[in-house]
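Here is how the chains run, residue by residue.
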Amino acid sequence: MEALKSPDIETAVVEEDETTSPDTNTFAPNDGAIPRDPKDRTVEGEEYEDTPWSQRITEVFKTYWMLGFIAFGGPQAHVAILRDHLVVQRNWMDEEAFTELFAIGQGLPGPTSTQLVVSTALLHAGPLGGILAFFLWNLPGLIILTICGVVISVHIDPYDAPWFLIGLPPAAISLVFKAFYGFGLKLDQLGKGLAMVSCLVAIWINGDEVVEPTSSQFVYPTMLVCGGILTYFDSRRTEPFSEYKSPGKGWNADDDRTLRRIGIPVWVGILIWTTWLVVLLGTILVKNAVEDNHNDYLNIFETMYRIGSIIFGGGQVVLPMLQTEVVPQWMTKDEFFQGLALSQSMPGPLFNFSAYLGAVYKGVPGALVAYVGLFGPGVILIFGMVPFWARLRKVDWFRAALKGVNATAIGLVGAACVILWEAAVTTTADAIVFVFAGTLACFYGVQAPLVVIGGGILGAILCEDAASLGQIAYCDK
């Protein structure tokens, strides 16, 4: 699952300013974001020579091409995989910088794990490194889900799902519940309160006769902003409800070499954000200005780009909004949940689900347009944000506000659990599959692909064409 944006990772604050090389008596600053390579060391007092860009871009390729094939398990697993490869094994940055980049993704619209991939590669090898890492991270899931979407749209009856697909939707929803549970465990008391409020509000607007479900595109960002404001003011209190860690010493935000590696000055960051806003407003205005608009590809791009621009909290949060936009306009409910199950079983972010949705609606071209539309805003914004992060990462109010944004976003995952459960679990057999798959995922640690396969097998056994067990409507009154 593409990563909803999840809570802050517990990390140890780096206290040491310098480290001693085991094979030399010279000292090198431990700047975290740019680890010192022994080959780069010069005489004390002189500037360090940075590792050549060609070597760093090669390291990005060697690191991320493999991750795109093994990144199963949703956002929590993605973060753990990235931390292990980038912080522990390769020492590209310290844990504090890694955690902050993760939190930045939490505070921006878009897929958190993908934004973390882009920002870490950007920090190591500049803009081209970030772009390369993005495509390597997403490519396997993009290709497979596009093919699945085309096959399902051409060969599967949308109103009569085959036996081997019946168990996939409840198995997929169980993984969303697992993500919410894992995220919630790391919240403090204030965070749990913020998550509860945002969850209740999201459930309310999805099932109210007065408030339209589409209002979530305004309500969700508003709640996230309010969460950030609340934790900011709480951090200013003498005895705050939450705990706010002071910034570690880490690397110097004014380090010239760090900023040169990023390769994006602040004014360019502002220009990037302006571009995102112009594209958003432009596509909305063009779509609304054209009467009887029959340009399906414009509609796909506008829908996906608008959702990608306003959805905070990552893959799980985006699901109810996607369902509202594409069912039944583009596909049936069963096709939607079949694709969701397939997406959950693929490596990479849950936002690759966009390729499936576009493929079911308009084939391969639709898949590519939907993919660019949904991923575009988050990727654009993280490129524009990293230059600011390099300067704001030592500012207390910025870190405090991110904590509230994270907690509020987790509540939206909880709302997604409730909303999607009602749509995916329609019979007693579905409920049985849900419990079975959830137990495998949460208590036995079974990986997502195997959970989906297991749910599919059990659903096929219980279906009407086989054992015909549990076929009564589960919530029938």
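Residues numbered from 1 in each chain as written. Predicted model: local features only at pLDDT ≥ 70, side-chain atom pairs only at ≥ 80, totals over all residues. Heavy atoms only, no water.

**Details of the overall build of the protein**
- Counting its secondary structure elements, the protein contains 16 helices and 2 strands.
- Burial status across the protein gives 56% buried among its 477 residues.
- Counting only carbon and sulfur atoms, one obtains 63% of the accessible surface of the protein, whose full area is about 20700 Å². (Helix = DSSP H or I, 4+ residues; strand = E, 2+ residues; numbered from the N terminus. Buried < 20%, exposed > 50% of the residue type's maximum accessible area, 1.4 Å probe, protein only. Areas by Shrake-Rupley, 256 points an atom, 1.4 Å probe, with all protein chains shown as cover.)

**Focus on the packing of helix 12 (residues 333–344) against helix 13 (residues 353–392)**
- Interaxial distance between helix 12 and helix 13 falls to 9 Å at its minimum, and their mutual angle equals 145°. The way helix 12 lies across helix 13 gives a crossing that is right-handed. Contacts between helix 12 and helix 13 pair E335, F336, Q338, G339, L340, L342 and S343 from the former with F353, Y356, L357 and V360 from the latter.
- Across the contact of helix 12 with helix 13, the residue classes tally to 7 nonpolar, 3 polar and 1 charged. (Axes fitted to C-alpha atoms, helices over the stretch in contact; angles between N-to-C directions. Left-handed = near helix turned anticlockwise from the far one by under 90°. Contact = heavy atoms within 4.5 Å. Nonpolar A, V, L, I, M, F, W, Y, C, P; charged D, E, K, R; others polar.)

**Concerning unusual backbone geometry**
- Here the amide bond leading from V327 into P328 is cis, since omega sits at 5°, within 30 degrees of zero.
- Within the secondary structure, P328 sits in the loop between helix 11 (315–326) and helix 12.
- Positive phi, normally seen in glycine, also occurs at N91, with a value near 55°.
- When you line up the elements, N91 lands in the loop between helix 2 (74–89) and helix 3 (95–106).
- On the basis of relative accessibility, which here comes to 42%, the residue N91 falls in the partly exposed class.
- Here the phi dihedral of S468 falls at roughly 55°; this positive angle occurs in a residue that is not glycine.
- Note on placement: S468 falls in the segment after helix 16 (448–462).
- S468 sits in the partly exposed class, given a relative accessible area of 37%.

**A look at the state of the cysteines**
- Using the criterion set out here, one finds 0 disulfides in the structure.
- Unpaired in this structure, C442 has its nearest cysteine sulfur neighbour in C417, at a distance of 9.9 Å.
- Owing to a relative accessible area of 35%, C442 belongs among the partly exposed residues under this scheme. (Disulfide = S-S within 2.5 Å.)

**Quick word on the pattern of salt bridges**
- The full count for this structure, using the stated rule, is 6 salt bridges.
- The partner of K362 in a salt bridge is D296, and the shortest N-O contact between them spans 2.9 Å. Separated by 66 residues along the polypeptide, K362 in helix 13 and D296 in helix 10 (residues 296–310) bring together distant segments of the chain.
- If you follow the salt bridges from partner to partner, you end up with K287, E302, R306 and E325 in one network. (Salt bridge = Lys/Arg side-chain N within 4 Å of Asp/Glu carboxyl O.)

**Quick notes on helix 9 (residues 266–289)**
- For helix 9, spanning 24 residues, the distance from its first C-alpha to its last is 34 Å, which sits close to the expected 34 Å at 1.5 Å a residue.
- Restricting attention to buried positions, one finds in helix 9 the residues G269, I272, W276, L280 and T283.
- The elements touched by buried residues of helix 9 are helix 10 and helix 13. (Expected span 1.5 Å × (residues − 1).)

**Digging into helix 5 (residues 168–184)**
- Taking 1.5 Å of rise per residue, 17 residues should cover 24 Å, and helix 5 covers 25 Å from first to last C-alpha, within 8% of that figure.
- The element helix 5 is largely enclosed, with a buried count of 13 among its 17 residues.

**Some words on the nonpolar core**
- If you look at the biggest cluster of nonpolar residues, it comprises 124 residues, and the most contacted ones within it are Y64, L82, F336 and L357.
- Tallying contributions element by element places helix 13 first for this core, with 19 residues.
- When near neighbours in sequence (up to four residues on either side) are disregarded, L357 contacts M304, L322, V326, W330, M331 and F336. (Core = buried A, V, L, I, M, F, W, Y, C linked by side-chain atoms within 4.5 Å.)

**Things to note about the packing of aromatic side chains**
- Counted under the stated rule, the structure contains 16 aromatic pairs.
- Between W65 and F69, the aromatic rings sit 6.3 Å apart at their centres with planes inclined by 70°, giving edge-to-face as the arrangement. Taken together, the residues span about one helical turn, with W65 and F69 both in helix 1 (residues 53–70) at a distance of 4 residues.
- Between F353 and Y356, the aromatic rings sit 5.9 Å apart at their centres with planes inclined by 20°, giving stacked as the arrangement. One end of the pair is F353 and the other is Y356, both in helix 13 and 3 residues apart, which spans about a single turn. Y356 carries the same exposure label as F353, and that label is buried.
- Taking NZ or CZ as reference, R237 lies 4.3 Å from the ring centre of F241, over its face. (Phe/Tyr/Trp six-rings, centres within 6.5 Å; stacked < 30°, edge-to-face > 60°. Lys NZ or Arg CZ within 6 Å of the ring centre and 35° of its normal.)

**Observations regarding the confidence of the model for the protein**
- Of all residues in the protein, 80% attain a pLDDT of 70 or more, and the chain-wide mean is 79.
- The secondary-structure element of the protein with the lowest mean pLDDT is strand 2 (residues 27–29), recorded at 36, while helix 9 shows the highest, at 92.
- Note on residues 1–47: pLDDT under 50 across the span, and 146 contacts to partners over four residues away in sequence or across chains.
- Segment residues 249–254: pLDDT under 50, and 23 contacts once partners within four positions in sequence are set aside and those in other chains are kept. (pLDDT = per-residue confidence, 0-100.)

**So, the packing of helix 4 (residues 112–155) against helix 13**
- Look at helix 4 against helix 13: their axes get within 9 Å of each other, and the N-to-C directions meet at 165°. When the axis of helix 4 is compared with that of helix 13, the two are roughly antiparallel. Crossing of helix 4 against helix 13: the hand is right-handed.
- Of the residues belonging to the contact of helix 4 with helix 13, the class tally is 25 nonpolar, 10 polar and no charged. (Parallel < 35°, antiparallel > 145°, perpendicular 65-115°, else oblique.)

**A word on a nonpolar patch on the surface**
- Together, L139, I143, I144, I147 and V151 make up a nonpolar patch on the protein surface, roughly 400 Å² of accessible area in all.
- Tracing the backbone shows I147 in helix 4. (Patch = residues over 30% accessible without salt bridge, like charges linked within 9 Å, V, L, I, M, F, W, Y side chains within 5 Å.)

**A look at the environment of T324**
- Checked against the element boundaries, T324 lands in helix 11.
- Through-space distance from the C-alpha of T324 to that of P213 is 7.7 Å; in sequence the pair is 111 residues apart.

**Some remarks on the environment of A431**
- Within the secondary structure, A431 sits in helix 15 (residues 428–443).
- On a C-alpha basis, the gap between A431 and A171 in space is 9.4 Å, while along the polypeptide they are 260 residues apart.
- If we skip the residues at most four places from it in the chain, A431 touches V425 and Y474.

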